[in-house]
Amino acid sequence: MTTVGEARPEGFQRVSQVLAAAGHPHVPVWLDVAARTSQEAADALGVQVGQIAKSVIFKRKSDEAVVLVVTSGDRRVDEKKVAAHTGAIGRADAEFVKAQTGFTIGGVAPLAHANPGNTAPVTLIDRELFRFGEIWAAAGHPNGVFRLRPADLVALTGAPVCDVAA
């Protein structure tokens, strides 16, 4: 695991810049292995799977808006609970995720999205993350992660905390 230094992919750099501008105390780190799943990230970091703040992207059916749900790596998202907050949603394929966020699946950060037209995603934070004092989120690339507290995630995204886990 290394900190920022050498040139990194654009998504990782974008997340690093947003965190720095927000005064976040923890710079993103670059893992020696790709962590495309919550389990892989937890193994690489030596933390519980639930401490991984996984980003799950959906597409709202009414207007094709990006819906981002951030939940614990050991939980599944309940689409009906999400839809109660956002309206009907559907699955988002890899092409949609990349085009709308600027990130590939497995590295979608909860912030610093490169949205066309600067339309921020509709974001929901699952309350299950608050079981932990410290969590880790993707930093724009499958090898990039950053440390934060659940309350930091709320402050950085402005998103509401909801019950959206199955």
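Before going into details, it helps to say that this report is about the structure given with it. Since this is a predicted model, take the numbers as computed values, not measurements.

## Structural notes on the pairing of strand E6 (residues 122-126)
Phase 1 of the analysis: Along E6, 4 of the 5 residues are buried, which leaves the element largely enclosed by surrounding structure.
Phase 2 of the analysis: Pairing analysis gives 4 bridges linking strand E4 (residues 66-72) to E6, with the strands arranged parallel. If you follow Val 69 over to E6, its bridge partner there is Leu 124.

## A short note on the side chain of Thr 101
Phase 1 of the analysis: Looking at where Thr 101 falls in the secondary structure, it is placed in helix H4 (residues 94-101).
Phase 2 of the analysis: On the basis of relative accessible area, Thr 101 is assigned to the buried category, the value being 0%.
Phase 3 of the analysis: Here the side chain of Thr 101 touches Val 97 through a polar contact of 2.6 Å, landing on its backbone oxygen.
Phase 4 of the analysis: In terms of polar contacts, Thr 101 uses its side chain to reach the backbone amide nitrogen of Phe 103, at 3.0 Å.
Phase 5 of the analysis: Excluding residues that lie within four positions of it along the chain, Thr 101 makes contacts with Arg 14, Ile 57, His 113 and Ala 114.

## A short note on unusual backbone geometry
Phase 1 of the analysis: Positive phi is not limited to glycine here, since Glu 64 has a value of about 60°.
Phase 2 of the analysis: Looking at where Glu 64 falls in the secondary structure, it is placed in the loop between strand E3 (52-60) and E4.
Phase 3 of the analysis: Phi at Ala 112 takes a positive value of approximately 65°, unusual for a residue other than glycine.
Phase 4 of the analysis: Secondary-structure assignment places Ala 112 in the loop between H4 and E6.

## Points about the pattern of salt bridges
Phase 1 of the analysis: Applying the stated criterion to the full structure yields 11 salt bridges.
Phase 2 of the analysis: Where Asp 163 meets Lys 81, a salt bridge forms, and the shortest distance between an N and an O atom there is 3.2 Å. On the criterion of sequence distance, the pair formed by Asp 163 in the segment after strand E9 (161-162) and Lys 81 in helix H3 (residues 79-86) is long-range, its members being 82 residues apart.
Phase 3 of the analysis: Between Arg 147 and Glu 134 there is a salt bridge; the shortest N-O distance is 3.3 Å. Here Arg 147 is found in strand E8 (residues 144-148), whereas its partner Glu 134 is found in the loop between E6 and strand E7 (135-138), with 13 residues between them in sequence.
Phase 4 of the analysis: Note on Arg 147: relative accessible area 30%, which makes it partly exposed.
Phase 5 of the analysis: One continuous salt-bridge network, built from bridges that share partners, spans Asp 74, Arg 75, Glu 128 and Arg 131.

Rules used in this analysis
Residues numbered from 1 in each chain as written. Predicted model: local features only at pLDDT ≥ 70, side-chain atom pairs only at ≥ 80, totals over all residues. Heavy atoms only, no water. Buried < 20%, exposed > 50% of the residue type's maximum accessible area, 1.4 Å probe, protein only. Helix = DSSP H or I, 4+ residues; strand = E, 2+ residues; numbered from the N terminus. Pairing = 2+ DSSP bridges. Polar contact = N/O pair within 3.5 Å; in protein donor to acceptor, adjacent residues only side chain to side chain. Contact = heavy atoms within 4.5 Å. Salt bridge = Lys/Arg side-chain N within 4 Å of Asp/Glu carboxyl O.

That is the geometry; function is a separate question.
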